[in-house]
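So the chains spell out like this:
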Amino acid sequence: MTFDVAKVRAEFPILARQVNGKPLIYLDSAASAQKPRAVIEAMGEAMGGSYANVHRGIHTLANETTEAYEKARESVRRLLNAKSAGEIVFTKGTTEAINLVAASFGRSLQAGDEIVLSVMEHHANIVPWHFLRERHGIVLKFIPVADDGRLDLEAYRALLGPKTRMVAVSHMSNVLGTINPVAEIVEGAHAAGALTLIDGAQAVVHTKVDVQALDADFYAFSGHKLYGPTGIGALYATADRLAALPPYQGGGEMIGTVTLDSITYADPPHRFEAGTPPILEAIGLGAAIAWLETLDRDAVAAHEHALYERVKSGLNGANWISEIGRAPGKGAIFAFTLEGAHAHDVAQILDRYGIAVRAGTHCAEPLMRRFGLTASARASFALYNTLQEADSFVEALHKTRTFFS
Ligand SMILES: Cc1ncc(COP(=O)(O)O)c(C=O)c1O
């Protein structure tokens, strides 16, 4: 299989639109990706053709919808190469998945127990653990980040100790683009007797993930970054980890029996899916995964990398742009500051050229602080971006620079 970017672009209706009189160049996919027709149609067809609540009914539509919902779970299983679909819990996204683990696993922790995170984490993988620090006296430790954006693995090993209960790190940084050596990190954590949670929000989009090979206890991602809808994501956990975890939220769907003075719980994964789940969104995510499976993921990764390299070579070492994160093998994310201009102003000027980039802290304030910044701009590349768009981005950066100099 080869990769045909024109053919792929044609699947995304939004890419045909103009912004400020210019063809849209969407370089904000790390925040949320655009949706292919397969996803839009799958959700529309479910709403218009076969829709009811799941798991509760015995009528035809309820059965059909339940089947579609559970089929989506199986799609997520394939995506992550989990052993069984029972190891996949649908959540609202990465954030909810991490909150679930922090809240449920956190109940087994005691004051003084330690959790190891890294300085490059998204707030989604910091704040839920801070709750445990605030409420239960859990100690948080942070793996430092080197100047080029790599994690300091020697420092990591030194942080591990008899009180380490959990190591929670991102697979790929949403700012630096660094792809972390997760298998090695997991191995170290397990040797210290700790569990591991991997934030796969970015990595699942740009790399092939195999949770069995990584040996992670928990792995989280969001559907909307993977060309699927918002409001849906997943938490993978090994069957024994899920079985040992107390429920997170209470309500319908997650119980065995309820009496006035007792409750029993359903088996995982339903134990963790209280209430009516995001049915249509799960179906949309399943469609996104099925659509991605029609592509050669290695060719997609090579294409995305070529976009990043094109920008780098187009800038030709310009001394008025500083890139944040230059780790070898990094993913297709280009976070930068432009001399003499605030990141928000850069993003605003680029928008005039129809170019969408993100600006701010990227929900990674500790990382920004580590690099002495209050904000940066970020261009993130997706499978639908073209080399021509990369060139237009570089050209617009030059114009932005002229504007501010
Ligand atoms: C690395 C990383 N983790 C977590 C998240 C949070 O994802 P969500 O907002 O979809 O829950 C993001 C989103 O930007 C991210 O990039």
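Here, the structure is the one placed above.
Quick caveat, the model's predicted, so the values are computed rather than measured. (Residues numbered from 1 in each chain as written. Predicted model: local features only at pLDDT ≥ 70, side-chain atom pairs only at ≥ 80, totals over all residues. Heavy atoms only, no water.)

J.: Help me understand the site of the ligand in this model?
T.: Around the ligand, a shell composed of Thr94, Thr95, His122, Ala124, Asn174, Asp199, Ala201, Gln202, Ser222, His224 and Lys225 is seen. Between an oxygen atom of the ligand and a side-chain N or O atom of Ser222, the distance comes to 2.7 Å. Measuring from an oxygen atom of the ligand, one finds a side-chain N or O atom of His224 at 2.7 Å. Coverage of the ligand by the protein chains reaches 85% of its 390 Å² of free accessible surface. (Near = heavy atom within 4 Å. Polar contact = N/O pair within 3.5 Å; in protein donor to acceptor, adjacent residues only side chain to side chain. Areas by Shrake-Rupley, 256 points an atom, 1.4 Å probe, with all protein chains shown as cover.)

J.: Please explain the nonpolar core as it appears in this structure.
T.: Considering soluble globular proteins, one finds that nonpolar side chains tend to be buried as a cluster. Among the nonpolar cores identified, the biggest contains 80 residues, and Leu80, Leu383 and Tyr384 are the most heavily contacted of them. No other element matches the 10 residues that helix α11 (residues 279–292) contributes to this core. If near-sequence neighbours (up to four positions away) are discounted, Leu80 is found in contact with Ile88, Val204, Val209, Asp210, Val211, Tyr219, Phe221 and Tyr236. Judged by nonpolar contacts, the second largest core, of 29 residues, contains Tyr308, Leu315, Ala379 and Phe381. (Core = buried A, V, L, I, M, F, W, Y, C linked by side-chain atoms within 4.5 Å. Buried < 20%, exposed > 50% of the residue type's maximum accessible area, 1.4 Å probe, protein only. Helix = DSSP H or I, 4+ residues; strand = E, 2+ residues; numbered from the N terminus. Contact = heavy atoms within 4.5 Å.)

J.: It is not clear to me how the packing of helix α13 (residues 343–352) against helix α15 (residues 387–404) should be interpreted in this structure. Could you clarify?
T.: Angle between the axes and distance between the axes: these two values describe a pair of packed helices. Contact geometry for α13 and α15: axes closest at 10 Å, N-to-C directions at 120°. By the angle between their axes, α13 is oblique relative to α15. Seen from above, α13 lies across α15 with right-handed handedness. Contact residues: Asp345, Val346, Ile349, Leu350 and Arg352 in α13; Phe393, Ala396, Leu397, Thr400, Phe403 and Phe404 in α15. Of the residues in the contact of α13 with α15, the class split is eight nonpolar, one polar and two charged. (Axes fitted to C-alpha atoms, helices over the stretch in contact; angles between N-to-C directions. Parallel < 35°, antiparallel > 145°, perpendicular 65-115°, else oblique. Left-handed = near helix turned anticlockwise from the far one by under 90°. Nonpolar A, V, L, I, M, F, W, Y, C, P; charged D, E, K, R; others polar.)

J.: Would you mind showing me how to read the sheet that holds strand β17 (residues 376–380) here?
T.: Hydrogen bonding along the main chain pairs the strands of a sheet, whether they run parallel or antiparallel. Reading across from one edge, β13-β14-β17-β16 is the order of the four strands in this open sheet, with antiparallel pairing throughout. In this open sheet, the two edge strands, each paired with only one partner strand, are β13 (321–324) and β16 (358–360). The average angle at which neighbouring strand axes cross in this sheet is 30°, direction not considered. Pairing of strand β14 (residues 333–338) with β17 involves four bridges; the strand directions are antiparallel. In the sheet register, Ala335 faces β17, and the bridge partner there is Arg378. The sheet strands contacting helix α12 (residues 297–315) are β13 and β14, and the helix crosses β14 at an angle near 30°. Against the sheet, α13 touches β14, β16 and β17, its axis set at about 160° to β16. (Pairing = 2+ DSSP bridges.)

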